[in-house]
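# Breakdown of the fold
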Amino acid sequence: MKSMANRSGLLRRFGLWLVFALVTSVLMAVSPTFRSTVNLENILEQNAIIGIVACGMAVMMISGGFDLSVGAVGATTSVVGAVVASRGNGAIVTIGVGLLAGIAVGVANGILIAKVRINAFVATFAMASIVSGLLFVATGAESKQGVTPLLESAANARVAGIPVIFAVFMGCLLAVWFLLTRTKYGHYIYSVGGNAEASHLSGVPVQRVQIFAFAMGGLMAAGAGLLLLGQTMVGQPSAAADWPLEAIAICVVGGIALTGGIGRIEDVLAATLLLGVISNGLNQLNVSPYWKPAVTGLVILMAVVIDRYSRLHNGAGRGSKNSPAAAAPGAPTTPLTPSAST
Amino acid sequence: MPSDIRLQLSGVTKRFGPVMVLDHVDFQVRAGQVHGLIGQNGAGKSTLVKTLAGLYPDHGGLITVDGKRATLGSPRQSRAEGIAVIHQEFSLVSEMTIADNLLLGHEPGGWRYSRRAVHNRAQALVEQVGIEIGESLDASVGTLSPAIRQRIEIVKALADDVKVLVMDEPTARLSEAERQSLFRVVRDLADRGVGLVFISHFLEEVREVTDWLTVMRNGKAIASQPTKSLSVVQMAELMLGEKFKQTLDEEVASHHADDQQPVVLEADSVSCGPRLRDVTISLRAGEIMGVAGLVGSGRTRLCRVLSGAEKPTSGRLRLRGNQVSFTTPRKAIAHGVALIPEDRKHQGLSLSAPLTWNLCLMAMHRRLGRWGVVPRSAVRRLSTRLVEDLEISPGNIDANAATLSGGNQQKVVLGKTFAANPDVLIIDQPTAGVDIGTKAQIHRLLRERADAGAAVLVVSDDLEELYALGDRFHVLRQGRTVWQGTSADVTHEQLVQLISSGSSQESA
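Source: prediction; values computed, not measured.

Thresholds applied
Once a new chain begins, its residue numbering starts again from 1 and follows that chain's sequence as written. Note on labels: chains are lettered from A, ligands numbered from 1, in written order. Residues qualify for local features only when their pLDDT is at least 70, as the model is predicted, and side-chain atom pairs are given and counted only at 80 or more; totals for whole chains, interfaces and linings, by contrast, use all residues. Remark: hydrogens and water are excluded; side-chain values derive from all non-hydrogen atoms of the structure. The pairing criterion is simple: DSSP has to find at least two bridges between the two strands. By definition, any uninterrupted DSSP run of H or I lasting at least four residues is a helix, any uninterrupted run of E lasting at least two residues is a strand, and each is numbered from the N terminus. Fitting a line to C-alpha atoms yields each axis, with helices limited to the stretch in contact; the angle taken between N-to-C directions then spans 0 to 180 degrees. Remark: exposure states derive from per-residue accessible area (1.4 Å probe, protein chains only) relative to the maximum for the residue type, with buried under 20%, exposed over 50%, and partly exposed in between. Should any heavy atoms of two residues lie within 4.5 Å, those residues are considered in contact. Note: domain ranges come from an automatic or database domain assignment. When two components associate, each loses some accessible surface as probed by a 1.4 Å sphere; the sum of these losses over both components is called the buried area. Any Lys or Arg side-chain nitrogen found within 4 Å of a carboxyl oxygen on Asp or Glu counts as a salt bridge. Identification of polar contacts relies on pairs of N or O atoms within 3.5 Å, with a donor-acceptor requirement for protein atoms, meaning one able to donate a hydrogen and the other able to accept it, and with residues adjacent in sequence counted only if both atoms are side-chain atoms. Each residue gets one of three labels, nonpolar for Ala, Val, Leu, Ile, Met, Phe, Trp, Tyr, Cys and Pro, charged for Asp, Glu, Lys and Arg, and polar for the others, Gly among them.

For the rest of this paragraph, the subject is the sheet that holds strand β15 (residues 322-324) of chain B. In a beta sheet, neighbouring strands are held together by backbone hydrogen bonds and run either parallel or antiparallel to one another. All names here are of chain B. Strand order in the open sheet formed by four strands is β12-β11-β14-β15, and the pairing between neighbours is antiparallel. The open sheet has two free edges, formed respectively by β12 (276-284) and β15, since each of these has just one partner strand. Taking each pair of neighbouring strands and ignoring which way they run, the sheet shows an average axis angle of 20°. In the sheet, strand β14 (residues 314-319) pairs with β15 via three bridges, with the strands oriented antiparallel.

See below:
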């Protein structure tokens, strides 16, 4: 019984990594182009940007929300970065201004959701429209040239074959991991996502935590936008439109509950790599690119179904929330007695 | 002046718009005192509790703790002032561990969080408080029973240097044994000099555990005196503000188990997982069947199986002799079997929808309208009639269900079920969290249903209520039937014994 529980716990802990390893080995076995070093390095490079966006999305989803404006934020920071850089500013100013723009939108989202109490879907959807609308007005829908050398090399350079951009992704991941598991604010992000009312009654500063989570999401999206600028060397107002749903998909595959309170950032890495490998593998096998959305959708559904199934069998499913009176019969009931320690 | 006054409220007020919900309340709790607070639904108890919890920073009047003026601007501030509140709805995060929950909002260390530090601190806290939780501190709260959650709440509330502990309906979800051990904890805390505020609808229980009693009515504290000076009837009179005529005992007179009555719904050795094993039960027209048992005895499971909310893993259901299989509640309702679930807020009502919508929901596909089109006039007519019949107040059928008090919400759930005119009415905890006046009314309504020919099944934690209502009883223990018979075969005391031990010593 105990070992069963342990085994299924292990499976839950590393299940996604196993699937990733399995898919990768199969692709390596069948496709020589897939297993080439160049291609493997490309996979790391291609998925770093969306991985960074997903890190921010994970924080917001664990806190019980999500953000449809990350794409608009990414496009905005890449355009803002291009404009700032083209006026002869250095990397620090360019990056600083870009990140601040992202944080500002994130804080605005957070305030709308936590204080004005607008539903996250509506708030961030409207924010996405406003931000990208303003961006189109300001640029006349034209792309802006301009980049700093630092951004360019961060996005394109390789050190010992490892793309620097992937190292940046790992840095972001590590920072978010530290935040979520080693700091009180990270801990509160889980508690607010799990039960905001209970957290409030326990003295957790719920609104500040929610705003903070969205600021983190905005920050990550802005960082991703700057790296995008580094890769393309132009700020494109229409870029990054597919970021929000892609990032949410990664988080869902990574086992982060849309209802909040549950999720591990390690699994976001596994999910990013898994989806990246699948998409790249389909290319290398010369499968028509039209197949990609259907396959991705299937992977998302499978991940969710498996997750739900394993949760039900661990008895820790959300379904059990509905029957609070279901005490285990026959279980030894320890009486509520004060021990004699007075 | 007496330094042992822990908590003092002087002229505390709170308004919601033009409505004065707390009207200059004066109230004081001494160290070591268990202070009962009673009143009907809507009397202002919950508002008072929330004010103490720091949820209403805009209240008026003066609140002092240990003689010092206390500012209760947020839950955090209330805790810092030494007031801890255990709310009616558990305020625990299901996704987190017991240790995390115990220290939520008070984790040790600066900005950093360390699982080990939290675990150690929680361990120390449990030892210091001296209350066994009975589960590993690393267990996730999600799947624990109400009694264990209650213990976590108590330990959590005592995490700081607590001077005043407020418990809002702490026994509502506990079984009899758990209730008794809670009382021991309460007394123990009082002995340590904590001032306790104990809120309950069970007047017997208030008499048993409290030293002093404050009665609230219409937002005012109308009486405050030693508990011993009042009988239960006097308490009820004070709460209701008029001569309280119908005591529960008088209801017992109307029992009539009659084997001549036709069986409407019967279950033939149904099982459902480990929680319900081999139960055979027959519900007769015109009778109220009381199903008794502790929390976890399979009571709720039985209700759900009989009403199609859950599928039995084995066994058969028969409706008027014909075998039926209710795969969904919709089918059961179509056959005239309706369930009133125990949790009205989550399972019984659509809180943000108007009364019309709530009241007519179940009648929709059974009685109202034709070809899926429901005329507005019919909905309004039916709703108005139900609101009048059940004396739901305020009687505005367009108001949202969330705006009503608990007792009136329960009447809406009853009304919704009555509207479908069921032949079998299954009701789980008919009067949980309902004041004594509404309670008597709900009992009367159930009896009327039975007299009109319906078969009624009642499950209740309140054994006196169950005994007063039931024509027949069915006692469950750990999912199995341990006794069944008519009200003539069993006394109240025997019923209590059956539930807790599975046998009545002097089987009559």
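Here we take up the environment of Val84(A). Residue and element names in this part refer to chain A. With respect to the helices and strands, the residue Val84 is situated in helix α3 (residues 70-86). The exposure class assigned to Val84 is buried, which follows from its relative accessible area of 13%. With 115 residues separating them along the chain, Val84 and Ser199 place their C-alpha atoms 42 Å apart. Sequence-distant contacts of Val84, defined by excluding residues within four places in its chain, comprise Asn89, Val93, Thr94 and Val97.

Before going further, it helps to examine unusual backbone geometry. All names here are of chain B. Located in the positive-phi region is Ser269, a residue other than glycine, with phi close to 35°. Among the secondary structure elements, Ser269 is positioned in strand β11 (residues 263-272). Of note in this structure, Asn421 is not a glycine but carries a positive phi near 50°. Relative to the helices and strands, Asn421 is located in the loop between α15 (406-419) and β17 (424-428).

Residue and element names in this part refer to chain B. Domains assigned within chain B are domain 1 (5-245), domain 2 (246-336 + 422-508) and domain 3 (349-421). Contact residues are listed per partner, giving 19 residues for domain 2 and 14 residues for domain 3. Taken together, both faces of the contact between domain 2 and domain 3 bury some 1,400 Å²; the carbon and sulfur share is 65%. Ranking the residues of domain 2 by area buried against domain 3 places Ile333, Pro422 and Leu445 at the top, with a combined share of 34%. Where domain 2 touches domain 3, the interface holds zero salt bridges. One can count four residue pairs in polar contact (both at pLDDT 80 or more) joining domain 2 with domain 3. The residue makeup of the side of domain 2 that touches domain 3, split by class, is 10 nonpolar, five polar and four charged.

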